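# Fold and contact review
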Amino acid sequence: MVPFLFFTFFLSLSSSHPAPPLQSQTLVLNRLPSPPQSLSWSDADEESQPLTSSPGGGDPGSADSIFSVQLHHVDALSSNTTTPQQLFNSRLLRDASRVKSIEFVSAAAVGRGAAGAGFSSSVISGLAQGSGEYFTRLGVGTPPRYVYMVLDTGSDIVWLQCAPCKKCYSQADPVFDPRKSSSYAGIPCDAPICRRLDSPGCNSRKKTCLYQVSYGDGSFTTGDFSTETLTFRRTRVARVGVGCGHDNEGLFVGAAGLLGLGRGKLSFPSQTGRRFNRKFSYCLVDRSASAKPSSMVFGDKAVSRTARFTPLISNPRLDTFYYVELLGISVGGTRVPLDPTGSGGVIIDSGTSVTRLTRPAYVSLRDAFRVGAGNLKRAADFSLFDTCFDLSGKTEVKVPTVVLHFRGADVSLPASNYLIPVDTSGTFCFAFAGTMSGLSIIGNIQQQGFRVVYDLGGSRIGFAPRGCA
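None of the values given here were measured: they were computed from a predicted structure.

### Thoughts on the sheet that holds strand β22 (residues 378-379)
Strand order in this open sheet of four strands is β22-β23-β28-β27, and the pairing throughout is antiparallel. Single-partner strands in this sheet number two, and they are β22 and β27 (419-421). Relative to strand β28 (residues 427-430), helix α6 (residues 359-372) is tilted by about 135°, and along the sheet it contacts β22, β23 (388-390), β27 and β28.

Written as structure tokens, this is what we have:
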């Protein structure tokens with residue numbers, strides 16, 4: 001009898017214990033961003049800056065160099081007649097292509113053991129056709145010719161279109177002509193940097209190195225692998241290994257080429273690692289709330305003192321990408337039971353917009369958010385989003401908090417990083433999606449407003465809130 005009474009008393013205490021209150025925050029409702037009227041760069045301003053030189057990737061150089069550049073979203077290269085809705089729809093199409101390409105690379109990597117005969121790809125990149133989301137303006141050659149270049153943490157090579165063109169896509173600036181640059185130099189076929197290509201080619205007549213980059217959608221770039229000087233505002237970096245592409249097929253949204261920021265041996269951070277102490281960071285501005293540009297910093301000042309760090313982990317199948325461990329996610333202050341990491345951790349990617357989680361993990365997260373946002377009026381699904389709300393007529397709403405729990409770092413997301421406008425009628429959607437593949441990706445919408453720090457020497461990635469100031 002006594003044990004029974006004790007058990008009954010224990011149950012009554014348990015049932016009367018109140019559930020923890022839902023943690024929420026205010027979301028100020030902003031509209032879809034419109035295309036900017038003009039870009040703020042001036043080549044004349046760039047060229048008037050005093051230059052500091054660097055030996056670049058070929059020599060040790062110094063470890064105290066620092067420079068920063070502006071980043072702009074690729075929408076800035078769109079026509080001024082493009083509507084906000086068209087821009088957003090195009091972004092989702094690019095995003096789907098990007099994710100498919102990363103999944104393609106993952107599948108291809110499984111069977112990459114035997115190399116076929118002939119000239120094969122130097123690197124298989126996660127960049128899908130036209131999917132680079134952020135770009136900067138930099139000078140190529142001596143004297144510097146200024147062009148737009150996409151910056152991408154999912155690619156391992158620096159390349160741009162070069163004259164003479166066998167085939168070149170349309171870009172915003174004249175195609176770079178290496179014959180007009182005094183610092184351009186071909187790379188001998190037997191040079192160590194040429195051998196860093198997965199499958200280097202060789203021009204039998206000139207005895208110089210050739211490269212080819214293939215992308216998941218079938219587009220590619222091929223040409224001479226050379227060294228050239230790159231100029232970033234006031235900083236000149238010499239002897240960077242650059243692909244000078246004479247045959248470039250695919251749509252790369254008006255940019256001249258790509259500055260690869262991945263973990264591979266030929267990416268810009270790897271080539272210039274000693275020069276900039278193997279550190280860089282970026283902060284991506286929420287374009288629906290601010291008109292100021294995003295930014296990227298190289299060198300010791302890239303590391304924010306307020307950043308929370310999580311260790312980088314290795315995924316031998318996909319060594320281009322930056323992997324970390326995501327241990328869990330909380331919604332409204334309550335941990336969601338999930339195993340979101342899939343196989344090999346989650347990728348931190350600048351070129352994917354919407355975060356993808358394995359399907360079971362996403363369903364758990366989504367269902368918890370739906371419960372926490374039960375006071376909001378639901379709307380129909382939109383594109384890949386299955387949790388949307390009709391917030392028309394409102395200026396702000398309360399939404400459950402969302403916290404990403406990385407190993408060693410809890411990252412609390414602003415509300416605008418997970419409930420986003422998808423049309424001009426007041427529909428907002430939960431900006432996560434499920435995937436049937438084993439790959440999970442933290443996209444750039446969730447990274448907005450944070451300074452994301454890549455400390456490659458320390459083998460860690462950090463997140464500093466309110467890092468765009």
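Read on, since the account is not over.
### Describing the pattern of salt bridges
Pairs may arise between side chains of opposite charge once their charged atoms sit close together. Scanning the model with the defined rule gives 15 salt bridges in all. For the salt bridge of R98 with D152, the shortest nitrogen-to-oxygen distance reads 2.7 Å. One end of the pair, R98, is in helix α3 (residues 84-110); the other, D152, is in strand β6 (residues 145-152), and 54 residues separate them in sequence. On the basis of relative accessible area, R98 is assigned to the buried category, the value being 0%.

### Let's talk about the state of the cysteines
Per the stated rule, a full pass over the model turns up six disulfides. With its sulfur 1.9 Å from that of its partner, C162 forms a disulfide with C244. Every disulfide takes its handedness from the sign of the S-S torsion; for C162 and C244 that torsion is -110°, giving left-handed. Of the two residues, C162 is situated in the loop between β7 (158-161) and β8 (185-186) and C244 in strand β12 (residues 235-249); the sequence distance between them amounts to 82 residues. Each member of the pair, C162 as well as C244, is classed as buried. Between the sulfur atoms of C388 and its disulfide partner C429 the distance amounts to 2.0 Å. Handedness here is read from the sign of the S-S torsion; for C388 and C429, about 105°, the answer is right-handed. Here C429 lies in strand β28 and C388 lies in strand β23, a separation of 41 residues in the sequence.

### Focus on the sheet that holds strand β26 (residues 409-412)
Judged by pairing direction, the sheet is antiparallel, and its four strands sit side by side in the order β19-β18-β25-β26 without closing on themselves. The strands lining the two open edges of the sheet, one partner per strand, are β19 (334-336) and β26. Along the sheet, successive strands turn relative to each other by an average axial angle of 30°, direction set aside.

### Concerning α6
Counted at 1.5 Å a residue, the expected span for α6 with its 14 residues is 20 Å, and the 20 Å between its end C-alpha atoms agrees. Buried residues of α6: A361, Y362, L365, R366, F369 and G372, and no others. Relative to the axis of α6, the buried residues are bounded by an arc of 125° and lie together on one face. Among the exposed residues of α6, those pointing more than 90 degrees away from its buried face are P360 and V371.

### Here we look at the confidence of the model for the chain
The predicted model of the chain averages 83 in pLDDT, with 81% of residues at 70 or higher. Overall, residues 1-16 carries pLDDT values under 50, and its contacts beyond four positions in sequence, including any with other chains, amount to zero contacts. Confidence drops under a pLDDT of 50 for residues 113-131, and excluding neighbours within four residues, the segment shows 68 contacts in the predicted structure.

### Quick notes on the UniProt feature "active site" (unreviewed entry) in the chain
UniProt annotation of "active site" (unreviewed entry) refers to D152 and D349 when read in the numbering used here. Across 198 residues in sequence, these annotated residues keep their C-alpha atoms within 8.1 Å of one another, forming a single compact spot. We classify D152 as buried; its relative accessible area is 1%. Within the structure, the side chain of D152 is placed 2.7 Å from the side chain of R98, a separation counted as a polar contact. Along the chain, the position of D349 falls in the loop between β20 (346-348) and β21 (355-358). Residue class for D349 comes out buried when judged on its relative accessible area of 0%. Beyond its immediate sequence surroundings of up to four residues, D349 is in contact with R98, I102, D152, T153, G154, I441, I442, G443, N444 and Q447. In terms of polar contacts, D349 uses its side chain to reach the side chain of T153, at 3.5 Å.

Rules and cut-offs
Residues numbered from 1 in each chain as written. Predicted model: local features only at pLDDT ≥ 70, side-chain atom pairs only at ≥ 80, totals over all residues. Heavy atoms only, no water. Pairing = 2+ DSSP bridges. Helix = DSSP H or I, 4+ residues; strand = E, 2+ residues; numbered from the N terminus. Contact = heavy atoms within 4.5 Å. Axes fitted to C-alpha atoms, helices over the stretch in contact; angles between N-to-C directions. Salt bridge = Lys/Arg side-chain N within 4 Å of Asp/Glu carboxyl O. Buried < 20%, exposed > 50% of the residue type's maximum accessible area, 1.4 Å probe, protein only. Disulfide = S-S within 2.5 Å. Expected span 1.5 Å × (residues − 1). Arc of directions from axis to C-beta. pLDDT = per-residue confidence, 0-100. UniProt positions renumbered as here; feature names shortened; annotations may be inferred. Polar contact = N/O pair within 3.5 Å; in protein donor to acceptor, adjacent residues only side chain to side chain.

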